[in-house]
Amino acid sequence: MFAAASIAILIVMFFLLVRVALGPTIFDRILAINTFGTAIVLLIALFGFLTARPDFLDIALLYALINFISTIAVLKLFRCETLGKSVDE
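Residues numbered from 1 in each chain as written. Predicted model: local features only at pLDDT ≥ 70, side-chain atom pairs only at ≥ 80, totals over all residues. Heavy atoms only, no water.

Quick look at the pattern of salt bridges
Applying the stated rule across the entire model yields two salt bridges. In this structure, the salt-bridge partner of Arg19 is Asp28, at a minimum N-O distance of 3.8 Å. With a relative accessible area of 40%, Arg19 lands in the partly exposed category. (Salt bridge = Lys/Arg side-chain N within 4 Å of Asp/Glu carboxyl O. Buried < 20%, exposed > 50% of the residue type's maximum accessible area, 1.4 Å probe, protein only.)

Side note on the packing of aromatic side chains
Per the counting criterion, the structure on display carries three aromatic pairs. A ring pair is formed by Phe2 and Phe49, whose centres lie 5.1 Å apart and whose planes are at 55 degrees; its orientation type is tilted. Remark: Phe49 occurs in helix α2 (residues 26-50) and Phe2 occurs in helix α1 (residues 2-22); sequence separation between them is 47 residues. Accessibility expressed as a relative area gives 38% for Phe2, which makes it partly exposed. Ring centres 5.3 Å apart and planes at 85 degrees place the aromatic pair Phe47 and Phe56 in the edge-to-face group. The partly exposed category is assigned to Phe47, whose relative accessible area is 44%. (Phe/Tyr/Trp six-rings, centres within 6.5 Å; stacked < 30°, edge-to-face > 60°. Helix = DSSP H or I, 4+ residues; strand = E, 2+ residues; numbered from the N terminus.)

Considerations on the environment of Ile30
Relative to the assigned elements, Ile30 resides in helix α2. As for Ile30 and Thr51, which are separated by 21 residues in sequence, their C-alpha atoms are 32 Å apart. Every residue in contact with Ile30, bar those within four places of it in the chain, is listed here: Thr71, Val74, Leu75 and Phe78. (Contact = heavy atoms within 4.5 Å.)

Things to note about a nonpolar patch on the surface
A cluster of nonpolar side chains, contributed by Ile7, Ile11, Phe14, Phe15, Val18 and Leu22, occupies part of the molecular surface with about 630 Å² of accessible area. Here Ile11 shows up in helix α1. Exposure remark for Ile11: the relative accessible area of 44% places this residue in the partly exposed category. (Patch = residues over 30% accessible without salt bridge, like charges linked within 9 Å, V, L, I, M, F, W, Y side chains within 5 Å. Areas by Shrake-Rupley, 256 points an atom, 1.4 Å probe, with all protein chains shown as cover.)

Section: helix α3 (residues 55-80)
Look at α3: 38 Å from first C-alpha to last across 26 residues, which is about the 38 Å you get at 1.5 Å a residue. Within the sequence span of α3, burial applies to Phe56, Ala60, Asn67, Thr71 and Cys80. Positive backbone phi, at 65 degrees, marks Glu81, one or two positions downstream of α3. (Expected span 1.5 Å × (residues − 1).)

This is the structure we're talking about:
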């Protein structure tokens, strides 16, 4: 059952890579990359569960936080054209 879940996640990741390559707008591509990162978090957690190593869940949580922060930074970069300027300026 876990092998089927892993294969399903890998198939979804393939379709996300297609979306990144063919996305009509930059925001669709950013959303696909963010979802790809979430799928990687799922794979890391699933691998940690299958190998009975709970420390992989800590790695998955750290990767999820990095994925979230980087998505916010990239969206701010496209909105403000720099990371140093505030949104209100």
